[in-house]
Amino acid sequence: MNKMSRHNLFDIEGAKKRCLRYRRRILDISQQVGALHIGSAYSCTEIVDCMYHGLLRRNLDGSSPDTFVMSKGHGCMIQYVILEDHGVLSREDLDNYCKPNGRLGCHPDYGNPGIEASTGSLGHGLSMVVGMALAERGRQTGGIIYTVLSDGEVQEGSTWEAVLMASSLGLTNIVACVDNNDFQSLGRTSETHPSFYPLAEKFAAFGWETARVDGHDSAAVFDAVTGRTGKKPFMLVAKTTKGKGVSYMENVPIWHYRSPSRKEYEQGVIELEEKAAS
């Protein structure tokens, strides 16, 4: 399937509009709570949007044979707003984010609508994905397990145990993506852990099919995943910018976990509205 025909299955312009709308929704929610992981959600916005709107298959009844796990639990705001957009979560659910009577916390909790795994402890997500993929293969459902990891959690030994098991078991029904924004909390990964790189080659050495893309290029993300051979578990290393979309947040460590002031919020609204109008 060539590049153009693959794109016919995924509305790239629609994706751009949605991602701007999602960033605005997250920005609005930030004014209701003391802090949220806004920079972390913004870095993987296009990736998660592509998975939900371009890659996860839908049955006629709205169900999906595929599963999505937000291994990067602190980036869950983008998952929440997409689930709201799909009607899985309500507006009230998101308006009560991290409030005493709300159901949504700062990491995903299994049991809430649309949430397939609790992923607050970084480094556990991919291990659960391996188990899910093995179960799906045993049931012969043809389901694919999609997941997004942070580059910080890829430093966890448990992640590499899962990487080893996935290839050893031949779990070709795993599609994973590392949100490689080069930040772990308040420090650059490339400075704190220079031996972390080159990342894609490490996954390849463990028996995975790999690709590298610009994680804010929805077309590139879609093409890389749909163009995989399917002969090995697949890892996409997506280069991203933490806080992408609002200039004063981009690659600024304090936006790992913080809510904008009123003045900062208004500036963010202006920037997102200008992008939407262009």
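Residues numbered from 1 in each chain as written. Predicted model: local features only at pLDDT ≥ 70, side-chain atom pairs only at ≥ 80, totals over all residues. Heavy atoms only, no water.

**Student:** Describe empty space enclosed by the protein, listing the residues and the values that go with them.
**Tutor:** Here the structure, examined in full by the defined rule, presents one cavity of 30 Å³ or more. Each pocket or cavity is described by its volume, and for the largest cavity that value is around 40 Å³. What lines the largest cavity is simply Phe68, Val69, Met70, Gln79, Pro108, Ile115, Glu116, Ala117 and Thr119. Per-class residue counts for the lining of the largest cavity are six nonpolar, two polar and one charged. (1 Å grid on protein atoms, 1.4 Å probe; cavity = no way out; pocket = protein on both sides within 12 Å on 5 of 7 lines; lining within 4 Å. Points joined across faces, edges and corners; volume = space filled by probe spheres on them. Nonpolar A, V, L, I, M, F, W, Y, C, P; charged D, E, K, R; others polar.)

**Student:** How would you sum up helix H5 (residues 76-85)? Please name residues and give values.
**Tutor:** Extensive coverage of H5 is indicated by the burial of nine of its 10 residues. Looking only at H5, the buried set comprises Cys76, Met77, Ile78, Gln79, Tyr80, Val81, Ile82, Leu83 and Glu84. The secondary structure elements touched by the buried residues of H5 are helix H2 (12-29), helix H3 (38-43), helix H4 (45-55), strand S1 (67-69) and helix H6 (91-95). Downstream of H5 by a residue or two, glycine 87 has a phi angle that is positive, lying close to 80°. (Buried < 20%, exposed > 50% of the residue type's maximum accessible area, 1.4 Å probe, protein only. Helix = DSSP H or I, 4+ residues; strand = E, 2+ residues; numbered from the N terminus. Contact = heavy atoms within 4.5 Å.)

**Student:** Please give an account of the sheet that holds strand S3 (residues 174-180) that cites residues and values.
**Tutor:** Spatial strand order, S1-S2-S3-S7-S6: five strands in an open sheet with parallel pairing. Two strands bound the open sheet, and with one partner strand each, they are S1 and strand S6 (209-214). Recorded for the sheet is a direction-independent mean angle of 20° between the axes of neighbouring strands. Two strands pair when backbone bridges link them, and S6 and strand S7 (residues 234-239) are joined in this way by six bridges, in the parallel orientation. Along S7, the bridge assignment pairs valine 213 with alanine 238. Relative to the sheet, helix H7 (residues 125-139) contacts S1, strand S2 (145-150) and S3, its axis offset from that of S2 by approximately 170°. Contacts between helix H11 (residues 218-226) and the sheet are confined to S2, S3, S6 and S7, with S6 contributing the most and set at about 170° to the helix. (Pairing = 2+ DSSP bridges. Axes fitted to C-alpha atoms, helices over the stretch in contact; angles between N-to-C directions.)

**Student:** Help me get a handle on the pattern of salt bridges, residues and values and all.
**Tutor:** Across all of its chains, the model carries 17 salt bridges by this definition. One salt bridge connects lysine 16 with glutamate 13, and the closest N-O pair in it is separated by 3.4 Å. Within this pair, lysine 16 and its partner glutamate 13 are both found in helix H2, separated by three residues, close to a single helical turn. The class of glutamate 13 is partly exposed, set by a relative accessible area of 48%. Here glutamate 201 ties to arginine 212 by a salt bridge, and the two come within 3.0 Å at their closest N and O atoms. Here glutamate 201, found in helix H10 (residues 199-205), pairs with arginine 212, found in strand S6; they are 11 residues apart in sequence, far enough to count as distant. On the basis of relative accessibility, which here comes to 55%, the residue arginine 212 falls in the exposed class. (Salt bridge = Lys/Arg side-chain N within 4 Å of Asp/Glu carboxyl O.)

**Student:** So what's going on with the pairing of S3? Residues and values would help.
**Tutor:** When you tally the buried positions in S3, you get seven out of seven residues, the bulk of the element. Residues of S3 alternate between two faces, with Ile174, Ala176, Val178 and Asn180 on one and Val175, Cys177 and Asp179 on the opposite face, all of them buried. Taken together, the six bridges between S2 and S3 define a ladder with parallel strand orientation. Its bridge partner lying in S3, leucine 149 is registered against valine 178. Read from S2 through helix H8 (residues 157-168) to S3, the crossover connection turns out right-handed. Here S3 pairs with S7 via six bridges, running parallel. Residue pairing for S7: valine 175 is matched across the bridge by phenylalanine 234. (Right-handed = clockwise from strand over helix to strand, strands pointing away.)

**Student:** Before we move on, can you summarise the nonpolar core with the specific residues and values?
**Tutor:** Taken as a class, soluble globular proteins show a tendency for nonpolar side chains to be buried jointly. Counting residues in each nonpolar core, the largest one holds 55 residues, and the members touching the most others are Ile26, Val48, Phe68, Ile78, Tyr80 and Tyr146. What phenylalanine 68 contacts, discounting residues up to four positions off in sequence, is Val48, Met51, Tyr52, Leu56, Gln79, Glu116, Tyr146, Thr147 and Val148. Of all hydrophobic cores here, the second largest spans 24 residues; its members include Val69, Trp160, Ile174 and Leu199. (Core = buried A, V, L, I, M, F, W, Y, C linked by side-chain atoms within 4.5 Å.)

**Student:** So what about the layout of surface pockets? Which residues, and what values?
**Tutor:** The volume enclosed by the largest pocket comes to roughly 290 Å³. Together, 15 residues line the largest pocket, and Lys16, Leu20, Arg23, Glu46 and His216 are the ones closest to its centre. Those elements giving two or more residues to the lining of the largest pocket turn out to be H2 and H11. It is H2 that provides the largest number of residues to the lining of the largest pocket, a total of six residues. Split into classes, the residues belonging to the lining of the largest pocket amount to five nonpolar, three polar and seven charged. Each pocket or cavity is described by its volume, and for the second largest pocket that value is around 230 Å³.

**Student:** I'd like a rundown of the packing of H2 against H4, residues and numbers included.
**Tutor:** The N-to-C vectors of H2 and H4 enclose an angle of 120°; their axes lie 10 Å apart at closest approach. When the axis of H2 is compared with that of H4, the two are oblique. For the pair H2 and H4, the crossing hand works out as right-handed. When H2 is examined against H4, the residues Ala15, Arg18, Cys19, Tyr22 and Arg23 are found in contact with a partner set consisting of Thr45, Glu46, Asp49 and His53. Counted by class, the contact of H2 with H4 contains three nonpolar, two polar and four charged residues. (Parallel < 35°, antiparallel > 145°, perpendicular 65-115°, else oblique. Left-handed = near helix turned anticlockwise from the far one by under 90°.)

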